[in-house]
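Structural characterization, general
What follows is each chain in one-letter form.
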Amino acid sequence: MSLWLLNHFSTFTLAVVTVGGTVALAVAGSVLLRRRYPSLAGGEHNDMVGVTLGMFGAIYGIILAFVIVTLWTQLEDTQTIVAAEATDAALITRDAAAFPAAVRARLDSAVSGYVHAVVEDQWPRMRAGHPSYGATETHLQAAFRALQTYDPKGEQEQVFYEQTVSHLDDVASQRRARITMARQELPPLLQALAVGGALVLVPLTFLFGMRKLRVQILFVASVAGLVGFSLLLVFVLDRPFSGDLSVSPAPYREGALAQYWQPTQR
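Description of the structure in this document. (Residues numbered from 1 in each chain as written. Predicted model: local features only at pLDDT ≥ 70, side-chain atom pairs only at ≥ 80, totals over all residues. Heavy atoms only, no water.)

Quick word on the overall build of the protein chain
For the record, the criterion: Think of it this way: any DSSP run of H or I at least four residues long counts as a helix, any run of E at least two long counts as a strand, and we number them from the N terminus. Each radius of gyration reported is based on C-alpha atoms, and the globular scaling rule is 2.2 Å times the count of residues to the power 0.38. Accessibility here uses a 1.4 Å probe with only protein chains present; expressed as a share of the type maximum, an area under 20% marks a residue as buried, one over 50% as exposed, and anything in between as partly exposed. Per-residue accessibility takes into account occlusion by the displayed protein chains alone, with areas from the Shrake-Rupley method and a 1.4 Å probe. Charge counting treats Lys and Arg as positive and Asp and Glu as negative, with His and both chain ends excluded. To locate a charge, the coordinates of NZ of Lys, CZ of Arg, CG of Asp or CD of Glu are taken.
When you go through the protein chain residue by residue, the secondary structure sums to eight helices and zero strands. In terms of overall size, the protein chain is more extended than a compact globule, its C-alpha atoms giving a radius of gyration of 27 Å where 266 residues would be expected to give roughly 18 Å. With respect to the three principal axes, the spread of C-alpha positions in the protein chain is 90 × 35 × 25 Å. By the burial criterion, 41% of the 266 residues in the protein chain qualify as buried. Carbon and sulfur atoms make up 64% of the accessible area of the protein chain, which totals about 14100 Å². Considering the protein chain, the positive charge centre built from 20 side chains and the negative charge centre built from 21 side chains are found 14 Å apart.

Below, the structure is given as structure tokens:
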């Protein structure tokens, strides 16, 4: 459900629904409770409610901040993995210029097929939450076979050969890391804690009585808006390959890999 929402609605729309919905429900709940219990406006229990609200707010804020920072770090790590994989693929292309034409052609074909498979096949699968190795396995094996069946001649070819093998190994390693990151999601217990904490914290603000209704509405709406926005961040950052804030496949189309996206290279 979360992946469907991320892939079918913009972050702005999700923000309006999440933050706006949280604020609207909180304000409505506060007004209804105030009408049901008019004595709350006197602030008779404000001392107790204030201490409880401060304690819960501090604990919930620390937990939510930890979750958001962790998810943001995960997103940055995923971007680094993608960039590293594309860079290693580009270096294979550059190093292949030192090899005979037949070997270079085989490597070019394998790398071209690999980057197209990543962008056109693997990326939609990762975006939908169903990553797979199969889309790129054939092309990766073709690149390994091209190198395994080639015996470099001379010191220069030997140097470039060793570098190419190293870069190809790194591509395989980064591919595994990328697919692993595509399968990551916030553990259910942390998801329950993030939502459950909001369900405890926001209603507590209803009990903090203020004589003027407008002031109380502003207080409740401010807390609800902050909580709603924090939950929105958790939601959109949880999946690094889905939504508007997702990792882009652009590195596989740039630099030395751009040649494989020309019409004549398909």
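Once the structure has been displayed, the description carries forward.
Here's the deal with helix H7 (residues 188-206)
To be explicit about the condition: Expected helix span is given by 1.5 Å per residue-to-residue step, counting one fewer step than there are residues. Residue contacts are defined here by distance: any two heavy atoms, one from each residue, within 4.5 Å place the two residues in contact.
If you check H7, its first and last C-alpha atoms are 28 Å apart, about what 19 residues at 1.5 Å a residue would give, namely 27 Å. Among the residues of H7, those classed as buried are Ala194, Gly197, Ala198, Leu201, Val202, Leu204, Thr205 and Phe206. Tucked into the core, H7 has its buried residues touching helix H2 (11-36), helix H3 (46-95) and helix H8 (213-237).

A short note on the nonpolar core
The cut-off we apply is this: Residues enter a nonpolar core if they are buried and are Ala, Val, Leu, Ile, Met, Phe, Trp, Tyr or Cys, with the set joined through side-chain atoms within 4.5 Å.
Phe99, Leu107, Val115, Trp123, Tyr252 and Leu257 are the most contacted members of the largest nonpolar core, which totals 60 residues. Secondary structure elements with two or more residues in this core: H2, H3, helix H4 (101-127), helix H5 (134-148), helix H6 (154-182), H7 and H8. Top contributing element to this core by residue count: H3, with twelve residues. The residues touching Val115, leaving out its near neighbours within four places in the chain, are Tyr252, Leu257, Tyr260 and Trp261.

Considering the pattern of salt bridges
This is how the line gets drawn: We count a salt bridge whenever a side-chain nitrogen from Lys or Arg sits within 4 Å of a carboxyl oxygen from Asp or Glu.
For the coordinates displayed, the defined rule picks out four salt bridges. For Glu85, the salt bridge goes to Arg178, with nearest N and O atoms at 2.7 Å. Note that Glu85 is positioned in helix H3 and Arg178 in helix H6, a separation of 93 residues in sequence. Here Arg178 falls in the buried class, since its relative accessible area comes to 0%. Ionic pairing is found between Glu137 and Arg175, a salt bridge with its closest N-O pair at 3.0 Å.

Some remarks on the packing of aromatic side chains
Here is the rule we go by: We call Phe, Tyr and Trp rings a pair once their centres come within 6.5 Å, taking the six-membered ring for Trp, and we label the pair stacked below 30 degrees between planes, edge-to-face above 60, and tilted otherwise.
Counted by the stated rule, this structure contains six aromatic pairs. With centroids separated by 5.6 Å and ring planes inclined at 45°, the aromatic side chains of Phe208 and Phe219 adopt a geometry described as tilted. Residue Phe208 is located in the loop between H7 and H8, and its partner Phe219 is located in helix H8; the two are separated by eleven residues in the primary sequence. Of the residues examined, Phe219 reaches a relative accessible area of 24% and is grouped as partly exposed.

Brief notes about the side chain of Ser30
Mapped onto the secondary structure, Ser30 falls in helix H2. In contact with Ser30, not counting residues within four places along its chain, are Phe206, Gln216 and Val220.

Comments concerning the side chain of Gln74
Along the chain, Gln74 falls in helix H3. Leave out the neighbours within four places in its chain, and Gln74 touches Met181, Gln184, Asp238 and Pro240.

As for the environment of Leu257
When you line up the elements, Leu257 lands in the segment after H8. Residue class for Leu257 comes out buried when judged on its relative accessible area of 0%. The spatial distance from the C-alpha of Leu257 to the C-alpha of Val111 is 8.6 Å, given a sequence separation of 146 residues. Setting aside residues no more than four positions away along its own chain, Leu257 makes contact with Ala86, Ala89, Ala90, Thr93, Val111, Val115, Pro251 and Tyr252.

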